[in-house]
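# A closer look at the structure
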Amino acid sequence: MEAGALIIFALLVLFAFLGLGVWAAVKVVGAAKRGVDRTITQARRTVEDTALRAKSLGQVGVPGALAQLRLDLRTSMRATQQALYQGVQTDASLKESIGLFERLSAHGHELDEELKRLEQEPDRRRIADGLPELRERAAKITEASDSLRWAARDRARQFAQDDLTALSEQIEMESGALRDWSRESVDDLAAAAEAAGAAGGSATGDGAPAAGPRPAALNPSAPAAHYPWQKTPRPEATT
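Figured I'd write up the structure that's included with this text. What you see is a predicted model; the values in this text were computed from it and never measured.

## Digging into the overall build of the protein
Within the protein, the secondary structure is distributed over four helices and zero strands. In sequence order, the protein lays out its α and β elements as α-α-α-α. Looking at the protein alone, contacts between residues at least 24 apart form 65% of all its contacts between residues at least 6 apart. Of the accessible surface of the protein, which amounts to about 18,600 Å², a share of 61% is contributed by carbon and sulfur atoms.

## Re the nonpolar core
If you look at the biggest cluster of nonpolar residues, it comprises 20 residues, and the most contacted ones within it are L66, L111, L131 and L134. Listing elements by their share of this core, those giving two or more residues are helix 2 (62-87), helix 3 (95-118) and helix 4 (124-204). Excluding anything up to four places from it in sequence, L66 contacts L115, L118, E119, I127, L131 and L134.

## Observations concerning the pattern of salt bridges
Considering all chains together, one arrives at nine salt bridges under this definition. Put simply, R155 and D91 hold a salt bridge, and the shortest N to O gap is 2.5 Å. With R155 in helix 4 and D91 in the loop between helix 2 and helix 3, the pair connects residues that are 64 residues apart, well separated along the chain.

## A look at a nonpolar patch on the surface
Nonpolar side chains collect at one region of the surface, where I7, L11, L14, F15 and L18 lie side by side and expose about 490 Å² of accessible area between them. The residue L18 is located in helix 1 (residues 2-58) in this model.

## Some points on the packing of helix 2 against helix 3
For the pair helix 2 and helix 3, interaxial distance at closest approach is 10 Å and the crossing angle is 160°. Here helix 2 lies roughly antiparallel to helix 3, going by the angle between them. Considering how the two elements wind past one another, helix 2 and helix 3 form a crossing that is left-handed. Taking contact as the criterion, the partners of L66, L69, R70, L73, R74, M77, T80, Q81, L84 and Y85 in helix 2 are, on helix 3, S97, I98, F101, E102, L104, S105, G108, L111, D112, L115, K116 and L118. Taken together, the residues that form the contact of helix 2 with helix 3 break down as 12 nonpolar, five polar and five charged.

About the cut-offs
Residues numbered from 1 in each chain as written. Predicted model: local features only at pLDDT ≥ 70, side-chain atom pairs only at ≥ 80, totals over all residues. Heavy atoms only, no water. Helix = DSSP H or I, 4+ residues; strand = E, 2+ residues; numbered from the N terminus. Contact = heavy atoms within 4.5 Å. Areas by Shrake-Rupley, 256 points an atom, 1.4 Å probe, with all protein chains shown as cover. Core = buried A, V, L, I, M, F, W, Y, C linked by side-chain atoms within 4.5 Å. Buried < 20%, exposed > 50% of the residue type's maximum accessible area, 1.4 Å probe, protein only. Salt bridge = Lys/Arg side-chain N within 4 Å of Asp/Glu carboxyl O. Patch = residues over 30% accessible without salt bridge, like charges linked within 9 Å, V, L, I, M, F, W, Y side chains within 5 Å. Axes fitted to C-alpha atoms, helices over the stretch in contact; angles between N-to-C directions. Parallel < 35°, antiparallel > 145°, perpendicular 65-115°, else oblique. Left-handed = near helix turned anticlockwise from the far one by under 90°. Nonpolar A, V, L, I, M, F, W, Y, C, P; charged D, E, K, R; others polar.

Written as structure tokens, this is what we have:
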């Protein structure tokens, strides 16, 4: 009976290890697949942007106008997305801005897909008639995107400026305190030396200072802090 229980326990442990191994393998494969997918997506996006840039510069009329609209739209949305998602790592208040940007992205994707379909449309005159409305939609989306991006950057710049101002004031106060401390210490030391000399002269009766240990100049300073950008001092050679 005990042997059977031990066998069952051993099998359970074995299955548990096997399950953990399978789970770890699935996680690794999933992470690798996501990495590959991101690389493919970025490469496809780069190729598509390069093609749009070439069309906007090399083609005139409707094809060039459609390519320029798509390129402007994608450039603005990508820059805003990068600014917001990087900024939220240090400023949690940007989460609401990201929510608004996600809603704006839905309109941006819809317009980009529509422009992409129109690139294959053979009726150029009809597309030309609809270009003013397409430009207006693209302008609304890019203006909103640019507004979010610049607001986030202005906010980060103002925070950095405020922090630098406060830090400068603290350093100025600390510098003043250090200078006051240094003057007081020197004055105290001079007064103590003068008092010691006067006391010694009175003890000898002739005004000459009595022989004895002289007061220490200043307390030895603590060893200087070592910073990572400083070179490590070489040890002195011994003979």
